[in-house]
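# What the coordinates show
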Number of protein chains: 2
Amino acid sequence: MSDGTPPREPLEHLDEAECLRLIAPGGIGRLAYTGRYGLTVLPVNYAMHEGTIVFRTAYDSPTDQDLRTGIADAEYKVAFEIDDIDPGARAGWSVLVQGAAHHVESADERASVQAAAVEPWAGGERELFVRVIPTRITGRRVRRPG
Amino acid sequence: MSDGTPPREPLEHLDEAECLRLIAPGGIGRLAYTGRYGLTVLPVNYAMHEGTIVFRTAYDSPTDQDLRTGIADAEYKVAFEIDDIDPGARAGWSVLVQGAAHHVESADERASVQAAAVEPWAGGERELFVRVIPTRITGRRVRRPG
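So, here's what we can say about the structure.

Rules used throughout
- Residues numbered from 1 in each chain as written.
- Chains lettered and ligands numbered in written order.
- Predicted model: local features only at pLDDT ≥ 70, side-chain atom pairs only at ≥ 80, totals over all residues.
- Heavy atoms only, no water.
- Buried < 20%, exposed > 50% of the residue type's maximum accessible area, 1.4 Å probe, protein only.
- Helix = DSSP H or I, 4+ residues; strand = E, 2+ residues; numbered from the N terminus.
- Pairing = 2+ DSSP bridges.
- Core = buried A, V, L, I, M, F, W, Y, C linked by side-chain atoms within 4.5 Å.
- Contact = heavy atoms within 4.5 Å.
- Phe/Tyr/Trp six-rings, centres within 6.5 Å; stacked < 30°, edge-to-face > 60°.

### Things to note about the pairing of strand 5 (residues 76-86) of chain A
Residue and element names in this part refer to chain A. Of all 11 residues that make up strand 5, 8 are buried, and the element is covered over most of its length. Both strand 2 (residues 27-35) and strand 5 contribute to a ladder of 3 bridges, which runs antiparallel. Following the sheet pairing, Leu31 is matched in strand 5 by Phe80. Taken together, strand 5 and the strand that follows it, strand 6 (residues 91-103), pair antiparallel across an intervening segment of 4 residues, in which Arg90 is found at a positive phi of about 50°.

Here it is in structure tokens:
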């Protein structure tokens, strides 16, 4: 559809404040980490709490076992992606949070994150809280080319 | 809601045939790879083609540069996640494809994947086809706890 005008840049980079605003409501995000079978991505239901990402996972589930192994290795780097895309309109945004994950172990921290009241999307008994402290937050918005 | 019956297992593991059936229509998936800033996850518009995942990316975009660097390192392992989740119902499925990514370079392979007619979700001129050949396909379905 070349009409002589330069193509509009379809990707707009979002600053950190805009990213945080977009992901503030919580919902479904995708957690990526290096698991026992390699790079793994799973959807989880998350909430934002004091600038960090909180979600729950079942004690001793494969995800928990992977995270435990990773977290035991010291700082466990993960990525967390949140997006809202309308495939029909080919428009939307995505935010990528890179950071370190840890289990919420102390009673104080547990009480604090429980206030975030994040519900596990898988249902059932999910006893472990995992928290991701962002070290890098980037995002982009895609518009339908003009 | 304990009524004395044992809780239904909320996670059902899906076999490879069921995973392939679920992801066959294509659409939005999330590509995870190790980029220059660490673990990276981005949404892309994909199509299935002869049992492989095909998507397009812009020549010389950050994603392309990352993928080029990775692919040049030999077999570049990536993960590709597709899901369909209803947060309200807390039900849905997710599929994880782990495999190796490569650029589609040869004219023959390019002609073949062009038949898949995958549209880039970011719009604009996207000249590169990337193909992920699965080495491991796993999936799970989540039901609202009974």
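### What to know about the nonpolar core
Counting residues in each nonpolar core, the largest one holds 24 residues, and the members touching the most others are Ile23(A), Tyr46(A), Ile53(A), Phe55(A), Phe80(A), Val95(A) and Val97(A). Those elements giving two or more residues to this core turn out to be helix 1 (16-23), strand 2, strand 3 (38-49), strand 4 (52-57), strand 5, strand 6 and strand 7 (128-142) of chain A. Apart from residues lying up to four places away in sequence, Ile53(A) is in contact with Tyr46(A), Ala47(A), Met48(A), Phe80(A), Val97(A), Val130(A), Arg131(A) and Val132(A). Counting 23 residues, the second-largest nonpolar core is a separate cluster that includes Leu14(B), Tyr46(B), Trp93(B) and Ala101(B).

### Topic: unusual backbone geometry
Positioned with a positive phi, Glu50(A) is a non-glycine residue whose angle comes to about 50°. Positionally, Glu50(A) belongs in the loop between strand 3 and strand 4.

### What about the environment of Val132(A)?
Residue and element names in this part refer to chain A. Summarising the element assignment, Val132 is placed in strand 7. For Val132, a relative accessible area of 0% gives the class buried. Between the C-alpha atoms of Val132 and Tyr76, which are 56 residues apart in sequence, the distance is 9.5 Å. Ignoring sequence-local partners within four residues, the contact set of Val132 consists of Thr52, Ile53, Phe55, Val78, Gly99, Ala100 and Ala101.

### Here we look at the packing of aromatic side chains
Residues and elements named next belong to chain A. Overall, the coordinates contain 4 aromatic pairs over all chains when judged by the stated rule. For the pair Tyr46 and Phe80, a centre-to-centre distance of 5.3 Å together with 70° between the ring planes defines the contact as edge-to-face. One end of the pair, Tyr46, is in strand 3; the other, Phe80, is in strand 5, and 34 residues separate them in sequence. Look at Tyr46 and you get buried, because its relative accessible area is 3%. Overall, Phe80 belongs to the buried group, its relative accessible area being 0%.

These results come straight from atomic positions and should not be treated as a statement about function.
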